[in-house]
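Coordinates in review
Next come the chains, spelled out residue by residue.
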Amino acid sequence: MKLWVSLAARLLLGGVMLVAGALKVTDPEAATQAVRAYELLPEGFDGVVGLLLPFLEIGIGLLLIVGYGVRAAAVAAGVFMVLFIAAVSSAWARGLAIDCGCFGGGGQVAPGDTKYLQEILRDVGLLVVAGWLFVNPLSRFALESESSTGVVAS
């Protein structure tokens, strides 16, 4: 049963990462604007993050979907979720009115249009999925098998 749960976890987390990156990669200016709206990074560095973030998300998503380097990809996705949770929490605590930019877009919104709690809960759920995959990296239909990872399925 664990192998099937891990397959579902891989596809869910990988799909979210892939879609998030793909929606941002087509509009690098909007991705940079979304990063800038958080007011956390020095000017100039937000542009680099805005440009690189979508490619990293796509890479992590693809690794999870095909089932290669699952444990490392789950750690990377988990780190992203922790950073996203911290960034959204910071924006909320500082009274910023922004869209998270998680799936493209981003930037300023009307104060009543923020969805910070939903965004944080979503990312906490995805962090739990990443944790599951760290502990249970083997799954059905993965490129990696027990023999290539040294992990034994139970």
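Going by the structure above, here's the rest.
Figured I'd write up the structure that's included with this text.

Conventions we followed
- Residues numbered from 1 in each chain as written.
- Predicted model: local features only at pLDDT ≥ 70, side-chain atom pairs only at ≥ 80, totals over all residues.
- Heavy atoms only, no water.
- Core = buried A, V, L, I, M, F, W, Y, C linked by side-chain atoms within 4.5 Å.
- Buried < 20%, exposed > 50% of the residue type's maximum accessible area, 1.4 Å probe, protein only.
- Helix = DSSP H or I, 4+ residues; strand = E, 2+ residues; numbered from the N terminus.
- Patch = residues over 30% accessible without salt bridge, like charges linked within 9 Å, V, L, I, M, F, W, Y side chains within 5 Å.
- Areas by Shrake-Rupley, 256 points an atom, 1.4 Å probe, with all protein chains shown as cover.
- Salt bridge = Lys/Arg side-chain N within 4 Å of Asp/Glu carboxyl O.
- 1 Å grid on protein atoms, 1.4 Å probe; cavity = no way out; pocket = protein on both sides within 12 Å on 5 of 7 lines; lining within 4 Å.
- Points joined across faces, edges and corners; volume = space filled by probe spheres on them.
- Nonpolar A, V, L, I, M, F, W, Y, C, P; charged D, E, K, R; others polar.
- Axes fitted to C-alpha atoms, helices over the stretch in contact; angles between N-to-C directions.
- Parallel < 35°, antiparallel > 145°, perpendicular 65-115°, else oblique.
- Left-handed = near helix turned anticlockwise from the far one by under 90°.
- Contact = heavy atoms within 4.5 Å.
- Phe/Tyr/Trp six-rings, centres within 6.5 Å; stacked < 30°, edge-to-face > 60°.

Here's the deal with the nonpolar core
- Counting 18 residues, the largest nonpolar core has Leu-13, Met-17, Ile-60, Leu-64, Ala-77, Phe-80 and Leu-133 as the members making the most contacts within it.
- Residue assignment for this core shows that the elements contributing at least two residues are helix H1 (2–25), helix H3 (45–66), helix H4 (70–93) and helix H5 (116–135).
- With seven residues, H4 is the largest single contributor of residues to this core.
- Within the second largest apolar cluster, 12 residues are counted, among which are Ala-91, Ile-98, Cys-102 and Tyr-116.

Describing a nonpolar patch on the surface
- Together, Leu-40, Leu-41, Phe-45, Val-48, Leu-51, Leu-52 and Leu-56 make up an exposed nonpolar region whose accessible area comes to about 620 Å².
- Positionally, Leu-51 belongs in helix H3.
- Given a relative accessible area of 45%, Leu-51 falls into the partly exposed group.

A few points about empty space enclosed by the protein
- The final tally for this structure, using the stated rule, is one cavity of 30 Å³ or more.
- Reported here for the largest cavity is a volume of approximately 90 Å³.
- In this structure, the largest cavity is lined by Val-16, Met-17, Ala-20, Lys-24, Glu-57, Met-81, Phe-84, Cys-102, Phe-103, Arg-122, Asp-123 and Leu-126.
- Grouping the amino acids of the lining of the largest cavity by side-chain chemistry returns eight nonpolar, no polar and four charged.

Digging into the pattern of salt bridges
- Going through the model one piece at a time under the given rule, you end up with three salt bridges.
- A salt bridge links Lys-24 to Glu-57; the nearest nitrogen and oxygen atoms lie 3.0 Å apart. Taken together, the positions of Lys-24 in helix H1 and Glu-57 in helix H3 put the pair 33 residues apart, joining distant regions of the chain.
- Residue classification places Lys-24 among the buried positions, given a relative accessible area of 7%.
- Put simply, Arg-36 and Asp-46 hold a salt bridge, and the shortest N to O gap is 3.0 Å. With Arg-36 in helix H2 (residues 28–37) and Asp-46 in helix H3, this pair connects stretches of sequence that are 10 residues apart.

Observations concerning the packing of H4 against H5
- The geometry of H4 relative to H5 is characterised by a closest axis approach of 8 Å and an angle of 160° between their N-to-C directions. With respect to H5, the element H4 is oriented roughly antiparallel. Crossing handedness for the pair H4 and H5: left-handed.
- Partitioning the contact of H4 with H5 into residue classes produces 20 nonpolar, two polar and three charged.

Regarding H2
- Listing the buried residues of H2 in full gives Ala-30, Ala-31, Thr-32, Ala-34, Val-35 and Ala-37.
- Here the buried face of H2 lies against H1, H3, strand S1 (98–99) and strand S2 (107–108).

Digging into the packing of aromatic side chains
- For the structure shown, the criterion picks out three aromatic pairs.
- Ring centres of Phe-80 and Phe-84 lie 5.7 Å apart, and the angle between their planes is 85°; on these two criteria the pair is classed as edge-to-face. Placement of both Phe-80 and Phe-84 in helix H4 is noted, with a separation of four residues, approximately one turn of the helix.
- What makes Phe-80 buried here is its relative accessible area of 12%.
- For the ring pair Trp-92 and Tyr-116, a centre distance of 5.9 Å and an interplane angle of 35° mean the geometry is tilted.

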